[in-house]
Amino acid sequence: MRTQERFTAGTAAVVGMAIVVVGLAELDRTFRPPGSLVLDFIFLLLVAAAVVTALRAPAAALGTAWAAGLVQLIGGIPVLLTEGSMVVVLFAAARWGRVPTVLAAAASAGLAPVLGVAWVRARRIRAGQAGNALYDLLTDYGPPITVWGVILFGVTLLALPLLAGLTLRFLSRARTAQAARQVAEHDAQQAQEIARLRDAQNRLARDVHDVVGHSLTVILAQAESAQFLDDPDRLKTTMQTIATSARASLHDVRQVLEPAREPDRGRRGGLDALIETVRSSGQPVDSTEVGEARPLPPELDAVAYRVLQEMLTNAMKHGRRDRPTLVERRWPEPDSGDATFTIQVTNTVDAASTRDDLGGGQGVAGMRRRLASVGGSLDIRRTEQPDGPEGPDGPAFTAVAHLPVRSPAPGRPA
């Protein structure tokens, strides 16, 4: 709880009454002129008001303190020890006041002793008329150096609470700034954690989509072809292929959902095994490979596998079953300066098809993100094919994935 809030109305009343009572007791009525009681009482009330309001209203308290000083000058009231309580006003102004209030308090700490000494010397009041030790201190000694010494003492005395208030003010601001930085750092860490969790969630969704989508597409194609098989041996082979595809899909899904699994490394057998899986479903695939094949780093191998998997899945979903899917893999030549491994998949669609992209959904977006994560890219285009000897082929979709790889140096094995 702040200091201002702990200073209740009851406490303020007790402090104010104590200032008035002590001040009246300190004034020696023997040396005061008749009729000065009213001004003395007003002066002490102003001092008490300045002190008790300093914590909640520093600017008003500082103005009240100056009003008390004006009454003291008009009434010829001697300097009292009770006025020392007004150091609370300077402290509160420096600690909680606005910038103009702080500047006014600093000016007051410098001007008040000077004006007080000047007023004492101008009135030429003798020490015996004051009846107060502090008042005697200001008037008994005449040499100028003593007067300046008294002024310096007064300024120093008033500067101490002012400096204390400023010190606490800056320390409080430093603590507040540090707390704000800690909150900002915590918010940033929380935002990073949320982004990381969302990225992991999206990555998991892409992996499940790739694995389940491809496997179910292959299984569906095999199941559809099994309806028209009359040969028991071929039907048995097809059902075994369905079971194998389902078992492999279940294994892949378990790997994807395993919390502590290693990074995705595709599947055993690589790209050739993936193409054979599609062929086994009854979808004809013509595969060619240009250039010298070489092992890929694990991260590129996983991206190449998942991208080709999604390309073949889309080809089976949207392509014609009576036309082969064309798969071409092009490896960079060692001395060509090219460092790009290209995977191209082309499939024919119905002539009446109005599709403008290959899937255009999460699968395509997932391929683009996977390729972008390793510096690759994806191009998809639709082309019109000339009619062949078996009739019109219809339009075709071609998806081309570019993966950056390093060409081996001449004379060194890949």
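Residues numbered from 1 in each chain as written. Predicted model: local features only at pLDDT ≥ 70, side-chain atom pairs only at ≥ 80, totals over all residues. Heavy atoms only, no water.

A. Looking closely at the overall build of the protein chain. Scanning the protein chain from N- to C-terminus turns up 13 helices and 5 strands. A separation of at least 24 residues holds for 74% of the contacts in the protein chain among residues at least 6 apart in sequence. Only carbon and sulfur atoms are counted for the fraction: they give 61% of the accessible area of the protein chain, which is about 23300 Å². (Helix = DSSP H or I, 4+ residues; strand = E, 2+ residues; numbered from the N terminus. Contact = heavy atoms within 4.5 Å. Areas by Shrake-Rupley, 256 points an atom, 1.4 Å probe, with all protein chains shown as cover.)

B. Up close: the pattern of salt bridges. The tally for this structure, following the rule as stated, stands at 5 salt bridges. The salt bridge partner of R279 is E276, with a shortest N-O separation of 2.6 Å. Separated by 3 residues within a single helix, R279 and E276 lie in helix α11 (residues 270–280), roughly one turn from each other. By relative accessible area, E276 is classed as partly exposed at 45%. (Salt bridge = Lys/Arg side-chain N within 4 Å of Asp/Glu carboxyl O. Buried < 20%, exposed > 50% of the residue type's maximum accessible area, 1.4 Å probe, protein only.)

C. Representation of the nonpolar core within the structure. Counting 31 residues, the largest nonpolar core has L308, M311, L312, F341, I343, A401 and L403 as its most contacted members. If you list the elements that add at least two residues to this core, you get α9 (144–226), α11, α12 (298–318), β3 (340–348), α13 (362–373) and β5 (395–404). Top element by residues in this core is α12. It accounts for 10 residues. If we ignore the near neighbours within four places in the chain, the residues touching A401 are V307, M311, F341, T342, I343, L371, S377 and L378. With 27 residues, the next largest nonpolar core counts L55, A61, V89 and A92 among its residues. (Core = buried A, V, L, I, M, F, W, Y, C linked by side-chain atoms within 4.5 Å.)

D. Inspection of the environment of T217 at higher detail. Looking at the element boundaries, T217 is found in helix α9. The exposure class assigned to T217 is buried, which follows from its relative accessible area of 11%. Between the alpha carbons of T217 and N314 there is a distance of 8.9 Å; along the sequence they are 97 residues apart.

E. Molecular detail of the side chain of R294. When you line up the elements, R294 lands in the loop between β1 (285–290) and α12. Within the buried core, R294 has no salt-bridge partner, and the shortest N-O distance to an opposite charge, that of E292, equals 5.3 Å. At 2.9 Å, the side chain of R294 forms a polar contact with the backbone oxygen of P332. (Lys, Arg positive; Asp, Glu negative; His and termini not counted. Polar contact = N/O pair within 3.5 Å; in protein donor to acceptor, adjacent residues only side chain to side chain.)

F. Highlighting the pairing of strand β2 (residues 325–330). A one-sided burial pattern is seen for β2, the buried positions being T325, V327 and R329 and the unburied ones L326, E328 and R330. For the segment spanning β1, α12 and β2, crossover handedness is left-handed. (Right-handed = clockwise from strand over helix to strand, strands pointing away.)

G. Fine view of the sheet that holds β2. With mixed pairing, 5 strands are arranged side by side in an open sheet as β1-β2-β3-β5-β4. Of all strands in the sheet, those bounded by a partner on one side alone are β1 and β4 (377–384). Strand-to-strand, the axes of this sheet are offset by a mean angle of 15 degrees, without reference to chain direction. Packing of α11 onto the sheet brings it into contact with β1, β2 and β3, and relative to β1 it is tilted by some 165 degrees. The strands that α12 touches are β2, β3, β4 and β5; relative to β3, the one it contacts most, it runs at about 10 degrees. (Pairing = 2+ DSSP bridges. Axes fitted to C-alpha atoms, helices over the stretch in contact; angles between N-to-C directions.)

H. Seen up close, the packing of aromatic side chains. One pass over the structure, following the stated rule, counts 2 aromatic pairs. A ring pair is formed by W331 and F341, whose centres lie 4.0 Å apart and whose planes are at 20 degrees; its orientation type is stacked. Of the two residues, W331 sits in the loop between β2 and β3 while F341 sits in strand β3, which places them 10 residues apart along the sequence. With a relative accessible area of 9%, W331 lands in the buried category. (Phe/Tyr/Trp six-rings, centres within 6.5 Å; stacked < 30°, edge-to-face > 60°.)

I. How the structure looks around the packing of helix α4 (residues 58–75) against helix α5 (residues 87–96). Remark: α4 packs on α5, axes separated minimally by 9 Å, with the N-to-C direction vectors making an angle of 150 degrees. Taken together, the axis directions place α4 and α5 in an arrangement best described as roughly antiparallel. Every pair of crossing elements has a handedness; the one defined by α4 and α5 is left-handed. Contact with α4, carried on its side by P58, A61 and L62, involves V89, L90, A92, A93 and W96 of α5 and no other residues of that element. (Parallel < 35°, antiparallel > 145°, perpendicular 65-115°, else oblique. Left-handed = near helix turned anticlockwise from the far one by under 90°.)

J. Summary view of the packing of α11 against α12. For the pair α11 and α12, the least separation of the axes is 10 Å and the interaxial angle reads 15 degrees. Viewed along their axes, α11 and α12 adopt a mutual orientation that is roughly parallel. Where α11 crosses over α12, the handedness of that crossing is right-handed. Mapping the contact onto sequence places G270, L271, L274, I275 and V278 in α11 and A304, Y305, L308, Q309, L312 and M316 in α12.

K. Quick peek at a nonpolar patch on the surface. A surface patch of nonpolar side chains, amounting to about 450 Å² of accessible area, comprises V38, L39, I42, L70 and I74. Going through the elements one at a time, α3 (37–52) and α4 are the ones with two or more residues in the nonpolar patch. For the nonpolar patch, the element with the most residues is α3, which contributes 3 residues. The residue L39 is located in helix α3 in this model. (Patch = residues over 30% accessible without salt bridge, like charges linked within 9 Å, V, L, I, M, F, W, Y side chains within 5 Å.)

Bear in mind that shape data such as this cannot, by itself, settle questions of function.
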